Each structure stands twice: as structure tokens, then as C-alpha cells.
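Per-entry structural report
Chain by chain, the residues run as shown.
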Amino acid sequence: MALMLVKFDLKKRVKLAQTVWFMYWFAVMAGVLVFSMGLFFKIELRKRSELMDNNESHFLPNLLIFMGLVACGINAFGGKICYDSLDPAKFAKWKPMLKNFLVFCVGFNALLFVTALLCLVMRIPLQFTLAEGLRNGMKFYKDTDTPGRCYMKRTLDQMQMEFRCCGNDNYRDWFEIQWVSNRYLDFSSKEVKDRIGSNVDGQYLMDGVPFSCCNPSSPRPCIQFQMTNNTAHYSYDHYTEELNVWNRGCREALLSYYGGMMNTIGALVLLVTLLEIGVTIGLQYVDSSLSTLANPDDPESESEGWILEKTVKETFTDIMAKMKAMGKGSKVEEGAMAGKAPEME
Amino acid sequence: MPFMPVKFNLQKRVKLAQGLWMIYWLSVIVGILIFSLGIFFKIELRKRSEMMDNNESHLVPNLLILVGLLACGVNAFGGKVCHDSLDPIKFAKWKPMLKTYLLLCCGFNGLLLLTGLLCFLMQFAVYLTLAEGLKNSIKFYKDTDTPGRCFMKRTLDMTQIEFRCCGNNNYRDWFEVQWISNRYLDMSNDAVKDRVLSNVEGKYLMDSVPFSCCNPGSPRPCIQHHLTNNTAHYDYDHRIEELNIWTRGCREALFSYFSSMMSSIGVLIFATIILECSVQLSAQYLTTALETMEDPENPECESEGWLLEKGVKETLTDCLTKLKTLGKGNQVEEGGDAQEAT
């Protein structure tokens with residue numbers, strides 16, 4: 001008793017083949033889409049890899065690129081088969097490979113589903129990488145003369161302006177590190193010496209933030225320095241002032257950016273998985289309907305199409321039996337070989 | 001003697017019709033492209049209209065939108081006619097309109113030429129509008145509590161950050177205006193009172209710039225205040241310091257942005273003119289080839305196609321005489337009416 005049996009005549013077969021061919025070309029475009037999304041994600045990770053300590057995992061974008069390419073190949077091949085399926089002579093040369101191809105397609109669909117799940121799950125390692133990387137990024141903000149780190153200041157400034165954020169968790173992170181290079185500090189000045197002497201590490205700490213933290217929407221010119229000192233500025237109360245600098249932390253901002261990107265890519269990959277399952281089922285119908293022609297020489301004869309030749313349970317037991325037989329067959333061969341060897345001696 | 005005649009048999013006619021149909025669809029796509037470029041340009045002008053005193057001329061983008069729509073319509077119609085040209089029955093219903101259609105296409109090409117020229121010439125107007133608008137923007141930077149101008153500060157800050165520029169001509173423009181609102185100045189402070197009194201108009205001027213002028217590529221934290229005072233900052237010489245703030249003026253930055261956009265659109269329009277002209281010529285050939293079939297019932301007969309029925313000079317004299325008779329016809333009619341009335 002076949003699973004989901006459908007009767008086909010010539011007209012229905014032709015329509016099925018044309019529809020599945022059409023869907024295969026959509027699937028090729030979907031494969032190109034997955035490939036380009038993987039490429040885009042990889043480029044975005046590269047652009048900001050400085051902020052993640054060059055430590056970020058490129059596993060997910062590489063997987064997406066690989067799956068996109070394989071999807072293009074499989075779907076183009078499937079489309080070619082569908083196109084030839086209407087011509088018995090051409091279809092005869094594809095017939096032997098079809099079963100293996102369909103099994104391979106099922107495996108590919110499972111892998112695609114796993115990729116979609118990964119897109120949604122890999123947000124968590126990214127969070128840790130970002131937290132660590134940003135903390136180090138801020139530490140190296142002042143090292144504009146150290147080779148290999150001289151662009152950290154510019155990268156961090158541009159990122160804070162672009163993502164409208166300040167510091168790691170919030171702007172107070174800047175109060176805890178020295179972000180002015182020693183080259184621009186006048187060590188003969190009493191004020192500088194006091195500040196450096198006032199903490200254990202000998203760092204020039206101040207309650208100021210870089211200019212890139214400034215919020216352009218603030219009605220007053222930006223207050224960057226002496227932020228916690230209300231008397232240093234006219235009509236200023238740092239407890240109630242909200243618009244002066246960006247309130248959001250950059251870890252949260254970057255995470256929501258990358259998280260949103262990954263969620264969208266995951267949703268799209270799920271849709272592509274559904275499309276792939278659809279075309280695989282369609283190809284199975286095409287294959288089974290062309291295999292069961294009542295009269296092989298008459299193209300207008302009736303035929304039947306199905307998803308599985310027997311029911312799910314029977315197919316499963318068949319597969320298990322086949323695997324056991326293969327396992328026993330190897331054992332029997334080994335036994336026979338072992339038996340033969342002593343004989344020959 | 002027809003102008004540039006070409007002999008056609010059935011195969012050549014079919015090939016010409018098919019090729020022309022494809023080029024017509026390409027032209028429709030180009031028309032859509034021009035339309036979307038017009039919309040993009042209009043949106044860009046709107047986005048930055050605050051920088052231009054809301055005074056900018058929307059002539060060029062409106063014209064581009066109109067031309068794009070017309071191009072789509074004209075070329076789609078031409079494509080339909082081409083598609084039907086291979087079937088004599090369908091072609092018969094289009095035949096009477098074809099001459100007027102081709103004349104309309106010539107007029108449309110003239111409009112395209114005008115649009116292309118405007119794309120290049122209107123850049124001067126944009127430059128002048130920008131200069132005026134930016135000067136006023138800098139003046140109104142501090143008015144964040146005046147309704148209608150409260151977003152000028154934000155717009156100007158974001159423009160300076162995005163286009164990497166400072167001030168109108170350069171950063172010294174900020175030294176000449178008061179860009180801090182009086183609400184944030186402590187008028188009881190002696191230093192503030194001195195500054196306000198030190199100039200005729202009673203403005204609080206200083207040698208500082210807003211934070212949006214800062215260059216992130218500078219190796220040292222941004223120096224915004226006391227820019228001309230070397231002793232106010234350690235190891236600082238304002239004459240040789242180049243990376244501290246953006247040195248370019250915003251008028252130059254915005255103008256180069258808009259002018260490159262308008263130049264590219266202009267070049268595209270000129271390419272479209274060439275495409276449209278070639279399409280028109282091919283359509284004329286197809287029309288004449290289908291009209292001069294020796295045996296109208298036999299589709300496989302030979303025919304001749306040309307650009308003009310007579311030579312160029314003769315066609316011009318014909319047009320002029322036609323125009324004169326039209327004029328004279330009106331006068332004769334008027335004379336006849338006048339006589340009848342009396």
C-alpha cells in the first residue's frame with residue numbers, strides 16, 4: 001500500500017513535470033539567495049572583526065555559502081531531469097541515478113534545516129565574543145601609535161556614531177579606562193600628576209567620554225568632559241540629562257544588529273528548506289509516475305505516483321533489514337576469507 | 001528617390017520585427033530606470049532641503065519622473081505594435097496611427113534632449129542654493145527651541161558627520177556665529193559677559209566648533225574648543241594640525257555629491273536618446289517595409305523600406321508648403337466667412 005497514491009494520465013504527468021521544473025528554477029534562485037546571504041554575513045563579520053578581537057567564528061557564514069552552492073547545483077540538476085522527463089529516450093539515461101539522487105536530496109534538506117536552527121542558536125556565542133572584544137577595543141582606544149592597533153580609535157569612533165551607542169554596557173565604561181594617550185598629556189602639569197597619582201594603576205582616568213558618544217539630537221552643545229560634575233556646566237544635572245550622550249551600550253547595539261540579521265537569515269533558510277522539500281516530493285512523484293507506466297511503449301498510458309512505495313513502517317523495517325544484511329554480508333565475507341586463507345596454506 | 005532604401009524579404013522582415021520587439025522591451029526597462037532615478041533624486045533633495053532653505057528647485061526630478069513614465073508608455077506601445085506587425089490582420093488596426101506615433105516619438109526625443117541638458121545646467125542653481133542655505137543653517141544651529149527650526153542642529157550635525165565636512169567654506173565659519181543657545185550660557189559669569197560685550201552685535205563668539213566636525217581618524221582625542229590657542233592644549237599647533245577636524249567645507253562636499261548624481265543621470269539620459277533614436281529609425285523601416293508589399297495578400301513577397309519617402313530636401317520643402325497651405329487655408333476661410341457675413 002503506497003503512501004499518498006495519485007493516479008496520472010499523460011496530461012497530468014506533463015503538467016506535473018512542468019510545475020516541478022518551474023519550482024526547481026525558483027529553488028536555484030533561492031540557492032543563489034542563500035549563497036549571497038552567507039557572503040553578506042561574512043563581509044559584515046569581517047568589517048567589525050577588529051571589535052571582536054579578530055576572534056569571531058566564521059562557521060555559520062561558511063556553512064551558508066557552502067549550502068547555497070550545493071543547493072544551486074542540486075536544483076539545476078533536478079531541473080534538467082524534470083525537463084528531460086517528458087522525453088522517454090532522454091529520461092532513460094537519468095533513471096538509474098534517480099533513487100540515489102532523491103536520497104541525497106533528503107539528506108541535504110535535513111542539513112538545510114540544521115543550518116536554519118544554527119542561525120537562531122549561534123547568537124549566544126556571538127554575545128560572548130562581542131563582550132570580550134569590545135572591552136579590549138576600548139582598552140586599546142588610545143594606542144594610535146601601536147602598529148596593528150592604530151586604527152582601533154577610528155573603528156570604535158565610527159562604530160559608536162553609526163550604531164548610536166557609547167561604551168560597552170553604558171557610557172560609564174569610559175570612566176574606568178585611560179582613553180587619552182600619554183603622548184598628549186602634559187606630565188609637568190600638577191593636575192595631570194594628581195590624577196595619575198590618585199589611582200593604583202597610574203592611569204589618567206576622568207569622567208569624560210570621546211566625542212563619538214555625543215547625541216546630535218541634544219538641544220545643547222555636547223558635554224563630553226566633567227560629566228558627573230553638575231557645577232562645571234550651567235543648568236546641567238547629569239541625573240536628569242538624557243539626550244546629551246547615547247544611553248545604549250555598544251554590546252547591546254551590535255548584538256541586536258547581528259541578532260536581527262541572523263534571525264532574518266534563519267527564517268529565509270527555513271522557507272528555502274520548505275521549498276526544497278516541496279521539489280523533492282515533486283521529483284519523487286515524477287519518478288514514480290514514469291516508472292509505473294502500464295504500457296512502457298505507449299506514452300499516453302495511465303500510471304501511478306507515490307511518495308513511498310510501501311507505508312512508512314514497512315519502508316523503515318525494509319531499510320533496517322537491508323542495513324543488517326549489509327552488516328552480516330561483510331561478516332560472512334570476512335569469515336569466508338579467513339576460511340580460505342588457512343585452506344590455501 | 002527614397003532616403004536610404006533597403007530591400008526586405010519575409011525572413012528579413014520577421015527578423016527586424018523580432019529584434020525591434022526585444023529592443024522595445026529593453027527601452028521600457030530603461031524608462032523604468034529613469035523613473036526610479038528621478039524618484040531617488042527627488043527624495044535626496046527632500047532629505048537635505050533643510051540645508052537649502054527649503055528653496056531648492058524640483059524641476060529636474062519632476063521632469064525625470066515624467067520622462068520615465070512617457071518612455072515606458074511609448075515603448076510599450078511600440079513593442080505591442082511590433083508584436084502585431086507579423087500578423088497582417090492585427091497590424092491593419094494599428095496602421096493609421098503609425099505616422100502620428102512616429103512624429104510623437106520624435107517630439108519625445110526632443111524632450112529627452114532638453115532633460116539631459118538641464119541635468120548638467122541646473123548644477124549651477126544647486127550650488128547657489130546650497131551656499132545660501134548652509135549659511136542660514138549655521139546661523140540657526142542654536143535655535144533648538146524655535147518651532148520649525150528645532151531640528152536644524154541635528155540635521156546639520158548629521159550632515160557634517162555623514163559628509164565629513166565642517167562649516168560652509170571651512171571650519172572658521174563657526175567662529176563667526178553664536179552656536180550655543182543663550183539658555184545654556186551663564187549670563188552672571190564674568191567670562192561670558194566679557195565675550196558677549198567684546199563684539200558689536202552682543203553675540204557669544206568663540207574659536208570652537210561643534211563635535212560633529214571631529215575627525216575620527218585623528219590620533220588624539222578631538223580638540224573642539226580654543227582651536228586657535230596653541231597653549232591651551234599640550235603639544236598642539238593649530239597651523240600644522242590636519243587630522244583633528246574635517247578641513248573640507250560642507251558646501252563643497254554636498255555640491256560634489258549632488259553634481260556627481262546629476263552628471264551620471266545626464267549621461268544615462270543621453271545614452272537613452274541614442275537608444276530611442278535607433279529604435280525610431282528601425283520602427284520607420286518596419287512600417288515602410290510592411291506598407292510597400294507588392295502583393296498585399298502574399299506575405300512572402302519582397303518589399304522595400306526607407307527612412308524618408310523622398311530625399312531630405314524634398315521632404316523639408318513638402319513640410320514647408322504644407323504649413324503654408326495650412327496658414328493660407330485659415331486666411332481663405334476667414335475671408336470667405338467675412339464675405340458670407342456681409
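Presented here is an overview of the structure given in this document. In this text the structure is predicted, and so the values were computed from the model without any measurement. (Residues numbered from 1 in each chain as written. Chains lettered and ligands numbered in written order. Predicted model: local features only at pLDDT ≥ 70, side-chain atom pairs only at ≥ 80, totals over all residues. Heavy atoms only, no water.)

With respect to the overall build of chain A
- From N to C terminus, chain A includes eight helices and two strands.
- The secondary structure elements of chain A, listed N-terminal to C-terminal, are β-α-α-α-α-α-α-α-β-α.
- Against the globule reference of 20 Å for 345 residues, chain A gives a C-alpha radius of gyration of 32 Å, more extended than a compact globule.
- Once the C-alpha set of chain A is aligned to its principal axes, its extents read approximately 100 × 65 × 35 Å.
- The proportion of buried residues among the 345 residues of chain A is 43%.
- The contacts in chain A between residues at least 6 apart in sequence include a share of 71% that link residues at least 24 apart.
- Of the roughly 19100 Å² of accessible surface on chain A, a fraction of 63% belongs to carbon and sulfur atoms. (Helix = DSSP H or I, 4+ residues; strand = E, 2+ residues; numbered from the N terminus. Rg over C-alpha atoms; globule rule 2.2 N^0.38 Å. Buried < 20%, exposed > 50% of the residue type's maximum accessible area, 1.4 Å probe, protein only. Contact = heavy atoms within 4.5 Å. Areas by Shrake-Rupley, 256 points an atom, 1.4 Å probe, with all protein chains shown as cover.)

Looking at empty space enclosed by the protein
All names here are of chain B.
- According to the stated counting rule, one finds two cavities of 30 Å³ or more in the structure shown.
- Of the pockets and cavities examined, the largest cavity occupies roughly 80 Å³.
- What lines the largest cavity is Leu20, Tyr24, Gly78, Val81, Cys82, Phe91, Leu98, Tyr101, Ala283, Leu286 and Thr287.
- Looking at the lining of the largest cavity, the elements with two or more residues in it are helix 1 (10-47), helix 2 (59-84), helix 4 (98-121) and helix 8 (250-291). (1 Å grid on protein atoms, 1.4 Å probe; cavity = no way out; pocket = protein on both sides within 12 Å on 5 of 7 lines; lining within 4 Å. Points joined across faces, edges and corners; volume = space filled by probe spheres on them.)

Notes on the state of the cysteines
- Inspection of every chain in the model, using the stated rule, returns six disulfides over all chains.
- Across the disulfide from Cys214 of chain A sits Cys222 of chain A; the S-S distance is 1.8 Å. One disulfide, between Cys214 of chain A and Cys222 of chain A, carries an S-S torsion of -80 degrees and so falls in the left-handed class.
- For Cys165 of chain B, the disulfide goes to Cys250 of chain B, at an S-S distance of 2.0 Å. Here the disulfide of Cys165 of chain B and Cys250 of chain B is right-handed, its torsion about the S-S bond being about 85 degrees. (Disulfide = S-S within 2.5 Å.)

A word on the environment of Phe3 of chain B
Residue and element names in this part refer to chain B.
- One can find Phe3 in the segment before strand 1 (6-8).
- Between the C-alpha atom of Phe3 and that of Asn189, which follows or precedes it by 186 residues, the distance is 88 Å.
- Those residues in contact with Phe3 that sit more than four places away from it in its chain are Trp306, Leu307, Leu308, Lys310 and Val312.

Remarks on the interface of chain A and chain B
- At the junction of the two partners, chain A supplies 25 residues and chain B supplies 26 residues.
- Between the two partners, chain A and chain B, sit six residue pairs in polar contact (both at pLDDT 80 or more).
- Tallied by class, the residues present in the side of chain A that touches chain B amount to 12 nonpolar, six polar and seven charged. (Polar contact = N/O pair within 3.5 Å; in protein donor to acceptor, adjacent residues only side chain to side chain. Nonpolar A, V, L, I, M, F, W, Y, C, P; charged D, E, K, R; others polar.)

Examining the packing of aromatic side chains
All names here are of chain A.
- What the rule picks out here adds up to 26 aromatic pairs over all chains.
- Their ring planes at 75 degrees and their centres at 5.2 Å tell us that Phe163 and Tyr257 sit as a pair that is edge-to-face. Here Phe163 is found in helix 5 (residues 152-163), whereas its partner Tyr257 is found in helix 7 (residues 250-291), with 94 residues between them in sequence.
- An angle of 10 degrees between the planes, with centres 6.3 Å apart, marks the rings of Trp179 and Phe225 as stacked. Taken together, the residues span a long stretch of sequence, with Trp179 in the loop between helix 5 and helix 6 (190-197) and Phe225 in the loop between helix 6 and helix 7 at a distance of 46 residues.
- Under the relative-accessibility criterion, Trp179 is labelled buried at 3%.
- One aromatic cluster is present, built from ring pairs that chain together Phe41, Phe163, Tyr257 and Tyr258.
- A cation over an aromatic ring shows up here: Arg149 above the ring of Phe140, its NZ or CZ 3.7 Å from the ring centre. (Phe/Tyr/Trp six-rings, centres within 6.5 Å; stacked < 30°, edge-to-face > 60°. Lys NZ or Arg CZ within 6 Å of the ring centre and 35° of its normal.)

Here's the deal with the side chain of His233 of chain A
Residue and element names in this part refer to chain A.
- Looking at the element boundaries, His233 is found in the loop between helix 6 and helix 7.
- The class for His233 is buried, based on a relative accessible area of 18%.
- In terms of polar contacts, His233 uses its side chain to reach the backbone carbonyl oxygen of Phe225, at 3.1 Å.
- There is a polar contact of 3.1 Å between the side chain of His233 and the backbone oxygen of Gln226.
- Ignoring any residue separated from it by four or fewer positions in sequence, one finds His233 in contact with Arg220, Ile223, Phe225 and Gln226.

Considerations on the pattern of salt bridges
- Tallied over the full model, the rule gives 22 salt bridges over all chains.
- With a shortest N-O distance of 3.1 Å, Glu162 of chain A and Arg48 of chain A are connected by a salt bridge. Here Arg48 of chain A lies in the loop between helix 1 (10-47) and helix 2 (59-84) and Glu162 of chain A lies in helix 5, a separation of 114 residues in the sequence.
- Assessed through its relative accessible area of 7%, Arg48 of chain A is described here as buried.
- Salt-bridge contacts for Lys153 of chain B lead to Asp157 of chain B; the nearest nitrogen and oxygen are separated by 3.1 Å. A residue pair is termed a helical-turn pair when its members lie 3 or 4 positions apart in one helix, as Lys153 of chain B and Asp157 of chain B do in helix 6 (residues 152-163) at four residues. Taken individually, Lys153 of chain B and Asp157 of chain B each receive the classification buried, so the pair is uniform in this respect.
- When salt bridges with common partners are traced through the structure, they connect Glu44, Lys47, Arg48 and Glu162 of chain A into a single cluster. (Salt bridge = Lys/Arg side-chain N within 4 Å of Asp/Glu carboxyl O.)

Observations regarding a nonpolar patch on the surface
Residues and elements named next belong to chain A.
- A cluster of nonpolar side chains, Trp21, Phe22, Trp25, Phe26, Met29 and Tyr83, forms an exposed patch at the surface whose accessible area comes to about 700 Å².
- Here the nonpolar patch takes five residues from helix 1, the largest share from any one element.
- Along the polypeptide, Trp21 turns up in helix 1.
- Residue classification places Trp21 among the partly exposed residues on the basis of a relative accessible area of 31%. (Patch = residues over 30% accessible without salt bridge, like charges linked within 9 Å, V, L, I, M, F, W, Y side chains within 5 Å.)

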